[in-house]
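# Structural overview for review
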Amino acid sequence: MKLLLTEWPPLSSRGLAGVAGATALALVALVRKQKLSVPRPMWSRLLLVSMLSISGWVAFMGLALLWLSAGEAAVLGISIPVWVAFLAWPILGERLSPLRAVSLMIALAGIVVLIGGNGFEASIEKLPGVALALAGAIGVGLGTVLTKHFPLKMPPLALAAWQVGLGCLPVALVGLVVEQPQLAALSWVGWAALLNMTLIQFCLCYVCWFAALERLPAATASIGTLLVPVVGVLAAAAMLREPLGLREIAALTITLGGVAVALRS
């Protein structure tokens, strides 16, 4: 995403990649003879969850990268399990066990170290990015809990196609009107980033996410997102030359330890 933003604006790149990914998922579902029809009573729930989990995340995180580095944005995404655990208690009745609470605190302690290692300060210049990233994370957290509260009984491929499509379409339309992206501005690197975002993020990853939500409690499924900063910081160091020293490595190790304990609980 950070690489693509050097060539294309955020709403257009994220929204159009999502629409293309949703179309690809729908085609795969049809090839596998899965029904794409949505039961009439489910439409309101499907739209609500799509707006929270997809539209908000896609738009807010894309815009946040205008102020934040890739590593910083990935670090802020770590707050998703916190919001899920907090919201799952009153909405789903999923109590936060002492062991899981401790494990989340360990993981978040690693993130605090990581933020310091990246020299991440909530300065006036970065506050818009911080606010946008947190808004996206809270939206995903609420959408995750509501997905468990109002089950969407559809095959994972079909569900992912509808949610990604419904969530990304308004973002793409706003981007086309406001940003007016030009295909000629994309280099081969930009095209590669766009293709990766379409096939990996909006196809493979969302299918896996919705399949996980079918099989696991909301809080447990969201704990897997604690790996986001690990992947994000390592990839940013390798591809964007963002800082990666002993402090970052120690923080990532602590985070992984928290994830391991949380998953075992």
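Our subject is the structure listed above.
As the structure is a computational prediction, the values presented were derived from the model and not from experiment.

Cut-off values and rules
Residues numbered from 1 in each chain as written. Predicted model: local features only at pLDDT ≥ 70, side-chain atom pairs only at ≥ 80, totals over all residues. Heavy atoms only, no water. Phe/Tyr/Trp six-rings, centres within 6.5 Å; stacked < 30°, edge-to-face > 60°. Helix = DSSP H or I, 4+ residues; strand = E, 2+ residues; numbered from the N terminus. Buried < 20%, exposed > 50% of the residue type's maximum accessible area, 1.4 Å probe, protein only. Patch = residues over 30% accessible without salt bridge, like charges linked within 9 Å, V, L, I, M, F, W, Y side chains within 5 Å. Areas by Shrake-Rupley, 256 points an atom, 1.4 Å probe, with all protein chains shown as cover. Salt bridge = Lys/Arg side-chain N within 4 Å of Asp/Glu carboxyl O. Axes fitted to C-alpha atoms, helices over the stretch in contact; angles between N-to-C directions. Parallel < 35°, antiparallel > 145°, perpendicular 65-115°, else oblique. Left-handed = near helix turned anticlockwise from the far one by under 90°. Nonpolar A, V, L, I, M, F, W, Y, C, P; charged D, E, K, R; others polar. Core = buried A, V, L, I, M, F, W, Y, C linked by side-chain atoms within 4.5 Å. Contact = heavy atoms within 4.5 Å. 1 Å grid on protein atoms, 1.4 Å probe; cavity = no way out; pocket = protein on both sides within 12 Å on 5 of 7 lines; lining within 4 Å. Points joined across faces, edges and corners; volume = space filled by probe spheres on them. Expected span 1.5 Å × (residues − 1). Bend = angle between axes of the 7 residues up to and from the residue.

## Quick word on the packing of aromatic side chains
Centre distance and the angle of the planes are the two values used to describe a pair of aromatic rings. In the structure shown here, the tally under the stated rule is 2 aromatic pairs. Arranged with centres 5.9 Å apart and planes meeting at 15°, the rings of F202 and Y206 form a pair that is stacked. Of this pair, F202 and Y206 both sit in helix α8 (residues 188-215), 4 residues apart, which is roughly one turn of that helix. For Y206, a relative accessible area of 10% puts it in the buried group.

## Quick look at the environment of V130
Take V130: it is sitting in helix α6 (residues 127-149). Residue V130 is classed as buried on the basis of its relative accessible area of 14%. Note: C-alpha distance between V130 and L65 (65 residues apart in sequence) is 9.4 Å.

## Some details on a nonpolar patch on the surface
A cluster of nonpolar side chains, L3, W188, V189 and M239, forms an exposed patch at the surface whose accessible area comes to about 440 Å². As for its placement among the helices and strands, W188 is situated in helix α8. You can call W188 exposed: its relative accessible area is 70%.

## Some remarks on the packing of helix α1 (residues 10-31) against helix α7 (residues 156-178)
Packed helix pairs are characterised by how far apart their axes lie and by the angle those axes make with each other. The N-to-C vectors of α1 and α7 enclose an angle of 150°; their axes lie 7 Å apart at closest approach. Classed by the angle they form, the pair α1 and α7 counts as roughly antiparallel. In this structure, α1 meets α7 at a crossing whose hand is left-handed. Of the residues belonging to the contact of α1 with α7, the class tally is 19 nonpolar, 5 polar and 1 charged.

## Describing the nonpolar core
L4, L25, W57, F202, Y206 and F210 are the most contacted members of the largest nonpolar core, which totals 54 residues. Counting residues per element, the ones that place at least two in this core are α1, α2 (43-64), α3 (70-76), α4 (80-92), α6, α7 and α8. Discounting residues that sit within four places of it in the chain, W57 has contacts with R14, L52, G62, G77, I80, G136, A137, V140 and Y206.

## Brief notes about the layout of surface pockets
Roughly 1,400 Å³ of internal volume is contained in the largest pocket. In this structure, the largest pocket is lined by 38 residues; those nearest its centre are M1, W57, Q201, V228 and V231. Every element with two or more residues in the lining of the largest pocket is listed here: α2, α3, α8 and α10 (228-240). Taken together, the residues of the lining of the largest pocket break down into 29 nonpolar, 7 polar and 2 charged. Each pocket or cavity is described by its volume, and for the second largest pocket that value is around 180 Å³. Contributing to the lining of the second largest pocket are T147, K148, P151, L152, K153, L159, F210, L213 and E214. For the lining of the second largest pocket, the element with the most residues is α8, which contributes 3 residues. In the lining of the second largest pocket, the residues fall into 5 nonpolar, 1 polar and 3 charged.

## Observations regarding α2
Along an α-helix, a turn takes 3.6 residues, which lines up residues three or four apart on a common side. With 22 residues, α2 should reach 32 Å at 1.5 Å per residue; the first-to-last C-alpha distance of 30 Å fits that figure. Where α2 bends most, the angle comes to about 35°, and this point is M51.

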